[in-house]
Amino acid sequence: MLRITLAMCLVCTVNHVAQADEAVPWRYVLTSTEGDAEAGDFFVSAESLGIETDEPFSVRRETLHGGRQEGCELITIYTNQLQITLVPTRGMSILSVQAGDIWLGWDSPIDEVVHPSYINLDSRGGLGWIEGFNELMVRCGLEFAGHPGTDVFTTNTGDPGEMDLTLHGKIGNIPASRVEVRIQQVPPYRITLSGLVSERVFFGPKLDMNSELSVTPGESAWSITDTVTNDSTAEQEFEMIYHTNFGTNDAGAGLLAEGSRVAVATRSVTPMNAHSAGNLDDWTTYAGPTPGFIEDVYLLDPIANESGNAVAALVNADQTASVAMRWSTEELPYFTLWKNTTALADGYVTGLEPGTCYPYNRRIERAAGRLPVLAAGESRSITVDFSVQSDAAAVESVLDEITELQDGVDTDLVREPPVVPE
Amino acid sequence: MLRITLAMCLVCTVNHVAQADEAVPWRYVLTSTEGDAEAGDFFVSAESLGIETDEPFSVRRETLHGGRQEGCELITIYTNQLQITLVPTRGMSILSVQAGDIWLGWDSPIDEVVHPSYINLDSRGGLGWIEGFNELMVRCGLEFAGHPGTDVFTTNTGDPGEMDLTLHGKIGNIPASRVEVRIQQVPPYRITLSGLVSERVFFGPKLDMNSELSVTPGESAWSITDTVTNDSTAEQEFEMIYHTNFGTNDAGAGLLAEGSRVAVATRSVTPMNAHSAGNLDDWTTYAGPTPGFIEDVYLLDPIANESGNAVAALVNADQTASVAMRWSTEELPYFTLWKNTTALADGYVTGLEPGTCYPYNRRIERAAGRLPVLAAGESRSITVDFSVQSDAAAVESVLDEITELQDGVDTDLVREPPVVPE
Amino acid sequence: MLRITLAMCLVCTVNHVAQADEAVPWRYVLTSTEGDAEAGDFFVSAESLGIETDEPFSVRRETLHGGRQEGCELITIYTNQLQITLVPTRGMSILSVQAGDIWLGWDSPIDEVVHPSYINLDSRGGLGWIEGFNELMVRCGLEFAGHPGTDVFTTNTGDPGEMDLTLHGKIGNIPASRVEVRIQQVPPYRITLSGLVSERVFFGPKLDMNSELSVTPGESAWSITDTVTNDSTAEQEFEMIYHTNFGTNDAGAGLLAEGSRVAVATRSVTPMNAHSAGNLDDWTTYAGPTPGFIEDVYLLDPIANESGNAVAALVNADQTASVAMRWSTEELPYFTLWKNTTALADGYVTGLEPGTCYPYNRRIERAAGRLPVLAAGESRSITVDFSVQSDAAAVESVLDEITELQDGVDTDLVREPPVVPE
């Protein structure tokens, strides 16, 4: 430890941001509404911190240019195992991850990282969100998620009013107000990227999301913990769906291909509409890119282990690679599976989407009792863990875990979509 | 004077912007669509101008970063008595004023100075304006102000069409096209910040507002004069409400608290809706922060003095501090009082709002005969003077002035809200 | 040639972008989403390239500031004959052209080059487009052009949905993703400015437009070739109208004035509405600026020559100056004439508008069989050539050409506007 501490002291001499205290992390404020942020490009690395380690790392910020991505910022965390790119300008979404040879992401027809100032969520009858949709993981929420359409709200006069909700809400198109990189000053030098995204309306929700993505050099895993706080004295409904999307890219990288399959222990699988009902029996498997394919959407009821955690995995065709997501079913009771195996050019992708709700319009979720409410001042934390398996044994281990969760429970394949109010 | 003139000449040598002519002001173009503006941060002060004075002053421009305030500019005028912060990016609104110990502003749940490119006025059924609402003074207008809802307009074919008006119009979310600082070259070195805000639609209004805020070092007062010009050959309706908002902040500063009261000589007070009617008898006094409080809105008919000017004041509970607004009732005949004494976290605030109209939808204002029309090429100027009283004697003097205006006129407390067309 | 080649080699030494190969052009990437673009102001000229020529040229990029034009980029091509200003930030529109003494453009009441982030196309009942409308040539399209109003589309579930189209579509308010300047390395040093504008929606069109504007030093002519590609595996409807607008400016420059006239060989002229029907007999001539004038719109059926090309010209009153447009009627079968001879302050202008369609709402164009469809992966190129005539002989030559095209064909003046579905 002595050598490292000396190295850190040396860094402190030349870099006033770094702090030579093991108890607190190195901390870099990249974005701030308080004026204490670092401007321009940013780069920090194990080397720049004077750390000698077998698991080097770095964090870099860059700004995109051209077209509708002008001014969008990206932050990328690099380790030997992972390259994780986030978009603070778009609500701290994860754009893509490279995990060794395995690429996680999808090749959306939206090939730019669209700056929110070019997005009109209300356009196309409330479908404007899809003009910027291309992330590996984008949050849907916070005031509302799911389908567009009319819902009631309370106006400034205390009277009920009606408003048109927009697809998947606003949080994915709000730039972060504060972004920090924190790096533990002791091995394993855990890296945390935190972003505060604020979704506030004067007469309406005052919801803040503090998002933290953490990764430990040496591991093929990362974790997201989001804390949503109701900063009002009135209670506030909220919704959150982790719209996590996997496809394949031009180079053929990616976990989704013909024969890939999804694994998740679930009490039931319910088609969201009649079209999806027709393909229900094949819900776990994927077709190859299919021009003209119409999306299938299934609503699942995941089974948790004794710690309360569920797991879902997307596995490649020969079961040599997979990605697993783990979360608490108390925090995220519902799981939506989106299968959109259309042509590559049209967005060949599947979504594994744990959420506080299903993606119906909020009025339907409210009526179904799937709409959480935050009391005045209340915070709620949600954690989703991601890990990548890059050999058959690791994949099998995840599949065994899921099989065990399902053990003794028959999955009810519901043949008819739910009847929902108009 | 000789010494000062020499100093100014010296300044001219090193700063080509300054002009050594007493007859014209120093002039700095901060923003311009003509390409003659100064870029980046800006600072000028009595000292930088070589002025020796007991009443120093300065003007500073800064650019905000982070979240939805990325790129918003602020301009602050500093004197010994006042610190006035304007937002040229948001229609020359006044964000807040510090007058000695007295802070004027409010602690909106919208805690960022939101850049207009993030505001969709049409969202939330035309209530998008409230996603950026946090100023001490924001203008509502110019094509329309007041409540959202359908109104008629003339289309490009000359036929009548319908459009959905949006809450409080566009002017508060249009960045200024030209911003100038002018400083008198002779004592008392009056400072004027002018901003041109242009609200133009090809088939529609061609309205330009030239706004001037003036402050004299040594005084606890400032003045706004807006000149609205119809740059079309067709006549053009317009509306303007000076939505001036006072609250209190986390540190307890601010004029609004339990026991504060509003004073304005008025022929009548009419509740805008049934809810407000219930609290009519308490229209002059304020509650403390009250979670769940529903706004009360009252429509007043201010009494002017023989010069044609009305005055309204907000007075703190122990009558040791107040802010007074003065305006011509010919220019601004109507006055709306907005009482929104909700919890601090939800926006504890009151609005004192002289206007060309009340805040009903424009179609209602038109039907009521409260909608001014500018002839082709016509300009109309509106002045609102603000002053701060910081001791009991000064407060009493303002209250006496208001009492005298009311003298001999009974205020008609109208018990029922007006009947307005659907 | 040797001297020039040496000069070019010298340039290569000091400017690594230039390439000393006659077979390929000098190429400068000004904007790119790939990160290979030149930042900041840009300037290249015959002189900076070391070319000795009697026809010098230059290309300059600048960035606009102030008001709603903050951040908008302009690119201007200068030759001895022409000064052509394009707006890559606004879909590669042409803002204006100066051709010797002849100014082409118009003095829109929208006097700023509005950045798309300030435009809400859905506002004003789908008329938001007109808040930025001031170009000499702006494209209407690509997913839809023409009047706002409801049309059907296919939703993500494969079901039919309805959406509100917005006036003249999106392409004119999308910033270019890639902008290149290419200059031939051999005389006549033809200059091409190419811009890729991408109009993509996840569930919706994946249309890319590669636009090329070419000009040859020494000529009073320029050419636009746009290639629209459907990058989906599904077929895709598209529309394109070249909304080319001529007026006059404060200084009296411009081809439009009382007595100006439009010349185009056409099988028929049909008024778009009853108002225009009343002025049908005067369809070729223009009034001077007329306050309160209501637009007239005529639908034409242009006659092509044996090469398939049509020509339209706007001629000044004394027939000493004109601008001519030439295009293939296979590419652009329809021609709309917009006469908006209102007051100068309100936008005195006429539009000569070849298109794939007329400017009705897309549902009407579809029903009328005027809606082209691109197959999966299909590209379609459209070329419009512009030339300026600056003396009576040149004007007469163009008029003779048009007269010859019309020869033997009576123009059918249709007295009633078409009956179109509601």
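Residues numbered from 1 in each chain as written. Chains lettered and ligands numbered in written order. Predicted model: local features only at pLDDT ≥ 70, side-chain atom pairs only at ≥ 80, totals over all residues. Heavy atoms only, no water.

### Quick notes on the relation of the copies chain A and chain B
Applicable threshold: Least squares is the method for superposing the copies, and the C-alpha atoms it fits come from residues with pLDDT of at least 70 in both.
Note on the identical chains: chain A maps onto chain B by a rotation of 120° and an axial translation of 0.0 Å, with an RMSD of 0.0 Å. Both copies of the chain, as the preceding transformation shows, are related through a three-fold rotation axis. When C-alpha distances to the rotation axis are compared across chain A, the minimum falls at Ser117(A), with a value of 3.2 Å.

### A closer look at the interface of chain C and chain B
How large an interface is tends to be reported as the accessible area lost when its parts come together. Applied cut-off: Contact criterion: two residues are considered in contact whenever any of their non-hydrogen atoms come within 4.5 Å of each other. Take the accessible area each of two parts loses on contact, using a 1.4 Å probe, and add the two losses: that sum is the buried area. One side-chain nitrogen of Lys or Arg within 4 Å of one carboxyl oxygen of Asp or Glu is enough to make a salt bridge. By the criterion applied in these results, polar contacts are pairs of N or O atoms within 3.5 Å in which, for protein atoms, one can donate a hydrogen and the other can accept it, and in which residues neighboring in sequence qualify only through two side-chain atoms. Put simply, Ala, Val, Leu, Ile, Met, Phe, Trp, Tyr, Cys and Pro go in the nonpolar bin, Asp, Glu, Lys and Arg in the charged bin, and everything else, Gly too, in the polar bin.
Contacts between the two partners involve 32 residues from chain C, matched on the other side by 30 residues from chain B. Roughly 2,400 Å² is buried in total at the junction of chain C and chain B, and carbon and sulfur atoms are behind 55% of that figure. Summed over the shared surface of chain C and chain B, the number is 4 salt bridges. As a salt-bridge pair, Lys170(B) and Glu131(C) come within 3.1 Å of each other at their nearest N and O atoms. One can count 11 residue pairs in polar contact (both at pLDDT 80 or more) joining chain C with chain B. Classifying every residue of the side of chain C that touches chain B gives 13 nonpolar, 12 polar and 7 charged.

### Notes on the confidence of the model for chain A
All names here are of chain A. How we decide: pLDDT runs from 0 to 100 and stands for how confident the predictor is about each residue.
Predicted confidence across chain A gives a mean pLDDT of 93, with 95% of residues reaching 70 or more. A low-confidence stretch, residues 1-19 stays under pLDDT 50, and its non-local contacts, those more than four residues away or across chains, total 28 contacts. Across the assembled chains, the prediction reports ipTM 0.92 with pTM 0.94.

### Topic: the environment of Val114(B)
Residues and elements named next belong to chain B. Applied cut-off: Per the convention used, a helix needs a DSSP run of H or I reaching at least four residues, while a strand needs a run of E reaching at least two, with both numbered from the N terminus. In this scheme, a residue with accessible area under 20% of its type's maximum is buried, one over 50% is exposed, and one in between is partly exposed, where area comes from a 1.4 Å probe on protein chains only.
With respect to the helices and strands, Val-114 occurs in the loop between β7 (102-104) and α2 (123-126). Residue Val-114 is classed as buried on the basis of its relative accessible area, which comes to 1%. Sequence spacing of Val-114 and Gly-71 is 43 residues, and the spatial spacing of their C-alpha atoms is 9.2 Å.

### Quick look at the relation of the copies chain C and chain B
Overlay of chain C on chain B (RMSD 0.0 Å): rotation 120°, translation along the axis 0.0 Å. Interface overlap between copies is the fraction of interface residues in one copy that are interface residues in the other; for chain C against chain B it is only 6%, indicating separate surfaces.

### Brief notes about the sheet that holds strand β21 (residues 322-328) of chain B
Two modes of strand pairing occur in sheets, parallel and antiparallel, and in both the strands are linked by backbone hydrogen bonds. All names here are of chain B. Selection criterion: Whether two strands pair comes down to DSSP finding at least two bridges between them. Lines fitted to the C-alpha atoms define the axes, with helices restricted to the stretch that makes contact. Angles between their N-to-C directions range from 0 to 180 degrees.
An order of β1-β11-β12-β13-β14-β25-β21-β20-β17 is seen for the 9 strands of this open sheet, with the pairing classed as antiparallel. With one partner strand each, in any of the chains shown, β1 (26-32) and β17 (261-264) form the two edges of the open sheet. Neighbouring strand axes in the sheet, compared pairwise and without regard to direction, differ in orientation by 15° on average. Looking at chain direction, strand β12 (residues 191-200) and strand β13 (residues 206-215) are connected through 10 bridges and run antiparallel. Its bridge partner being in β13, Ile-191 is matched across the sheet by Val-215. Strands β17, β20 (309-315), β21 and β25 (379-389) of the sheet are contacted by helix α5 (residues 392-406), whose axis makes an angle of about 135° with β20.

### Some thoughts on the pairing of strand β6 (residues 93-99) of chain A
All names here are of chain A. Across the 7 residues of β6, 6 count as buried, placing the element largely inside the fold. Sheet topology places strand β5 (residues 82-87) next to β6; 6 bridges connect them, and they run antiparallel. Within β6, the residue paired with Leu-86 across the bridge is Ile-94. Counting the residues between successive antiparallel strands, the hairpin from β5 to β6 contains 5 residues, one of them, Gly-91, with a positive phi of roughly 60°. Pairing of β6 with strand β7 (residues 102-104), which is carried by 3 bridges, proceeds in the antiparallel orientation. Each bridged residue has a counterpart across the sheet, and for Gln-98 the counterpart in β7 is Trp-103.

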